[in-house]
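Below, each chain spelled out in residue letters.
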Amino acid sequence: MRDAPHVEPPHPAADVLEHVGYRLKQAHAALRGAMDTALREHGLTVPQYSCLEVLAARPGLSNSELARATFVTRQSMNVVLRGLQGEGLLTRPDAAATGRSRPTTLTEEGVRRLRAAQADVYAIESRMVAALPPGRLDALLEDFGRITRALQAD
């Protein structure tokens, strides 16, 4: 096996724990852990909550559209939708009116459960925002957008 040539990191860092990707993953893991804990009290998982949140903003989306909006596969979204439908939190027609798309909407119970969970999730986001220096939120959001576009450019 040949030795790979030494490659310099993209920016000065004492070790891998200071790389941008590592720090981003660390923040994501902290957010996911906080959300898992908060949502457990509402009987929801992060993908279920995300689905309810997106449907509240955009009722009638299909499985594929919901999967893209919540960063899961279509197969995973099918499982999420079946679970939420079984709990009476959303409705979908048994068959598609046209094509294969079955538009999904929240039930009154779905809206109620979402609103209860939102209070806890928004409190987590408030903690994140409060940790930023004053005036940095807009720049951070812009930076996230730049990172996303740079990685999607391929």
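Residues numbered from 1 in each chain as written. Predicted model: local features only at pLDDT ≥ 70, side-chain atom pairs only at ≥ 80, totals over all residues. Heavy atoms only, no water.

**Q** Help me understand the overall build of the protein in this model?
**A** On a plain count of helices and strands, the protein comes out with six helices and two strands. Along the protein, helices (α) and strands (β) appear in the sequence α-α-α-α-β-β-α-α when read from the amino end. Computed over C-alpha atoms, the radius of gyration of the protein comes to 20 Å, more than 25% over the 15 Å expected from 2.2 N^0.38 for 154 residues, which places it beyond the range of a compact globule. Viewed in the frame of its principal axes, the protein has a C-alpha envelope of about 55 × 40 × 30 Å. Intrachain contacts of the protein at a sequence separation of at least 6 include 45% that bridge at least 24 residues. If you average the places of the 19 positive and of the 18 negative side-chain charges in the protein, the two averages end up 6 Å apart. (Helix = DSSP H or I, 4+ residues; strand = E, 2+ residues; numbered from the N terminus. Rg over C-alpha atoms; globule rule 2.2 N^0.38 Å. Contact = heavy atoms within 4.5 Å. Lys, Arg positive; Asp, Glu negative; His and termini not counted. Charge placed at Lys NZ, Arg CZ, Asp CG, Glu CD.)

**Q** How should I be thinking about the environment of L132 in this particular structure?
**A** Its location among the elements puts L132 in the loop between α5 (108–130) and α6 (137–152). If we skip the residues at most four places from it in the chain, L132 touches L137 and L140.

**Q** Which parts of the structure should I look at to understand helix α2 (residues 46–57)?
**A** The periodicity of an α-helix, 3.6 residues per turn, causes residues three or four places apart in sequence to face the same way. Taking 1.5 Å of rise per residue, 12 residues should cover 16 Å, and α2 covers 17 Å from first to last C-alpha, within 8% of that figure. Here the buried face of α2 lies against α1 (20–40), α3 (63–70), α4 (74–86), β1 (90–91), β2 (105–106) and α5. (Expected span 1.5 Å × (residues − 1).)

**Q** Please clarify how the pattern of salt bridges should be interpreted in this entry.
**A** A side chain of one charge can pair with a side chain of the opposite charge if their charged atoms are brought near each other. Under the counting rule described, the total for this entry stands at six salt bridges. We note a salt bridge from R113 to E87, for which the minimum N-O separation is 3.0 Å. Of this pair, R113 sits in helix α5 while E87 sits in the loop between α4 and β1, placing them 26 residues apart in sequence. Accessibility expressed as a relative area gives 37% for E87, which makes it partly exposed. Salt-bridge contacts for R136 lead to D143; the nearest nitrogen and oxygen are separated by 3.7 Å. Overall, R136 belongs to the partly exposed group, its relative accessible area being 33%. Take D143: its relative accessible area is 31%, and that puts it in the partly exposed class. (Salt bridge = Lys/Arg side-chain N within 4 Å of Asp/Glu carboxyl O. Buried < 20%, exposed > 50% of the residue type's maximum accessible area, 1.4 Å probe, protein only.)

**Q** In this structure, what is going on with the side chain of T70? I would like to understand it.
**A** One can find T70 in helix α3. Ignoring anything within four residues of it in the chain, the contact list for T70 reads S50, C51, V54 and M77.

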